[in-house]
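A look at the structure
So the chains spell out like this:
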Amino acid sequence: MKSTAATTSPEALTADFAPRQAKALRVHEQLCAEYGAPFRFFSTKDPLSELVSALLSHRTKNAESHRAYQELRATFPRWEDVRDAPTEAVQQAIRACTWPEQKAPRIQAVLREISARCGTDAPCALDFLAEMPVAEARAWLESISGVGPKTSAATLLFSTLRIPAMPVDSHHHRVAQRLALIGPKVGEGPAHKLLEALLPPGWDAQQVYDHHEAFMFHGQKCCYFSTPACSRCVVLRECPFGQARVAPSPISPA
Ligand code: SF4
């Protein structure tokens, strides 16, 4: 069974790392209790299918990217069929998701690159990533143009590989930022390394999955984008952003 690597990043050497890590773990416990962890893995896709699904899901609601994925599979039963089809036909099949005109050529380019690297006619299944250390498997995926840290982590964690790499979606990112686990200017991409560094070395895929899902659920059900429900938030006392919002207004002098 794979586990997260020991923390050796420069991030781990910063002065406030230990209190932030302790806070991340307290929040993890509270949110896991609130939303009912352990969570069941929602996907049973093989890693190549999960990779394509993750590429479709960027900035798209789950139901829409699911529809686009189903239509793509119904139209092109094999991944080499997607790779070799006219781009307009792929675009048409995935029209349910956002930006199909960008995603169709990107998916085809990723499938071409994987076929070239594997030296096979069909794009290889990516099961060999299970034999690599987590960081190496992520680097292999992220060296493909169009594959970023969220896509690589989703491919490794959500697929049948169940490798402990942590994706950070927009909900997870927003909650972590408001809790000051990362700085206010850290974007979603760079947040992956910083938030993963806060996880204890040795966490397995279920623990990493629970952490991500609990933060994501919190973003969906309480820490809303425009008006977070801070007054009923279970981690209010950990959250400087929330405390500033619910603090009583100072009484004006008479
Ligand atoms: S206190 Fe408010 S801003 Fe902070 S995590 Fe909770 S809902 Fe989000």
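Keep in mind the model is a prediction, meaning the values are calculated, not measured.

1. Re the overall build of the chain
Scanning the chain from N- to C-terminus turns up 12 helices and zero strands. Computed over its C-alpha atoms, the radius of gyration of the chain comes to 20 Å, within 12% of the 18 Å expected for a compact globule of 254 residues. Counting only C-alpha atoms, the chain reaches 75 × 40 × 30 Å along its principal axes. Taken across its 254 residues, the chain has 37% of its residues classed as buried. Restricting the contact set of the chain to residue pairs at least 6 apart, pairs at least 24 apart contribute 66%.

2. So, the environment of Glu101
Turning to its location among the elements, Glu101 is positioned in helix 6 (residues 100-118). Remark: the alpha-carbon pair of Glu101 and Thr87, spanning 14 residues in sequence, is separated by 8.6 Å.

3. Some details on the domain arrangement of the chain
Per the domain assignment, the segments making up the chain are domain 1 (10-40 + 167-232) and domain 2 (47-158). Listed as interface residues are nine residues of domain 1 and, on the opposing side, six residues of domain 2. Contributions of two or more residues to the side of domain 1 that touches domain 2 are made by helix 10 (188-197) and helix 11 (205-221). Of the residues belonging to the side of domain 1 that touches domain 2, the class tally is five nonpolar, two polar and two charged.

4. Brief notes about the packing of helix 2 (residues 47-57) against helix 8 (residues 149-158)
Two elements in contact, helix 2 and helix 8, have axes separated by 8 Å at closest approach and are oriented at 140°. It follows that helix 2 is oblique to helix 8 by the angle criterion. For the crossing formed where helix 2 meets helix 8, the hand is right-handed. Across the interface between the two elements, Pro47, Glu50, Leu51, Ala54 and Leu55 of helix 2 pack against Thr151, Ala154, Thr155 and Phe158 of helix 8. Among the residues forming the contact of helix 2 with helix 8, the class breakdown is six nonpolar, two polar and one charged.

5. With respect to the site of the ligand
Around the ligand there are 14 residues in total, and Cys223, Cys230, Cys233, Cys239 and Gly242 lie nearest to it. Put simply, the parts of the chain that give the shell around the ligand at least two residues each are helix 9 (170-178) and helix 12 (240-246).

6. Some words on unusual backbone geometry
The omega torsion across Ala37 and Pro38 is 5°, close enough to zero to call that bond cis. Topologically, Pro38 is positioned in the loop between helix 1 (17-35) and helix 2. One non-glycine residue, Trp99, lies in the positive phi region at around 50°. Within the secondary structure, Trp99 is located in the loop between helix 5 (87-93) and helix 6. Exposure remark for Trp99: the 14 C-beta atoms within 10 Å place this residue in the partly exposed category. The phi torsion at Leu126 lies on the positive side, around 75°, for a residue other than glycine. Tracing the backbone shows Leu126 in the loop between helix 6 and helix 7 (134-142).

7. Concerning the environment of Val52
Note on placement: Val52 falls in helix 2. Using a count of 24 C-beta atoms within 10 Å as the deciding quantity, one classes Val52 as buried. Considering only alpha carbons, one finds Val52 and Pro100, 48 residues apart in sequence, at a separation of 13 Å.

8. Some remarks on helix 10
Among all positions of helix 10, only Ala191, His192, Leu195, Glu196 and Ala197 are buried. On its buried side, helix 10 packs onto helix 8 and helix 9.

9. Let's talk about the environment of Thr98
In this structure, Thr98 sits in the loop between helix 5 and helix 6. Here the alpha-carbon distance between Thr98 and Glu113, two residues 15 residues apart in the chain, equals 23 Å.

10. Description of the packing of helix 2 against helix 3 (residues 62-75)
Direction vectors running N to C along helix 2 and helix 3 enclose 135°, while the axes themselves pass 9 Å from each other. It follows that helix 2 is oblique to helix 3 by the angle criterion. For the element pair helix 2 and helix 3, the recorded crossing hand is right-handed. For the pair helix 2 and helix 3, the contacting residues are Ser53, Leu56 and Ser57 in the first and Ser65, Ala68 and Tyr69 in the second.

Conventions and cut-offs
- Residues numbered from 1 in each chain as written.
- Predicted model: local features only at pLDDT ≥ 70, side-chain atom pairs only at ≥ 80, totals over all residues.
- Helix = DSSP H or I, 4+ residues; strand = E, 2+ residues; numbered from the N terminus.
- Rg over C-alpha atoms; globule rule 2.2 N^0.38 Å.
- Buried ≥ 20, exposed ≤ 12 C-beta atoms within 10 Å, placed from the backbone.
- Contact = placed C-beta atoms within 7 Å.
- Domains from an automatic or database assignment.
- Nonpolar A, V, L, I, M, F, W, Y, C, P; charged D, E, K, R; others polar.
- Axes fitted to C-alpha atoms, helices over the stretch in contact; angles between N-to-C directions.
- Parallel < 35°, antiparallel > 145°, perpendicular 65-115°, else oblique.
- Left-handed = near helix turned anticlockwise from the far one by under 90°.
- Near = placed C-beta within 6 Å.

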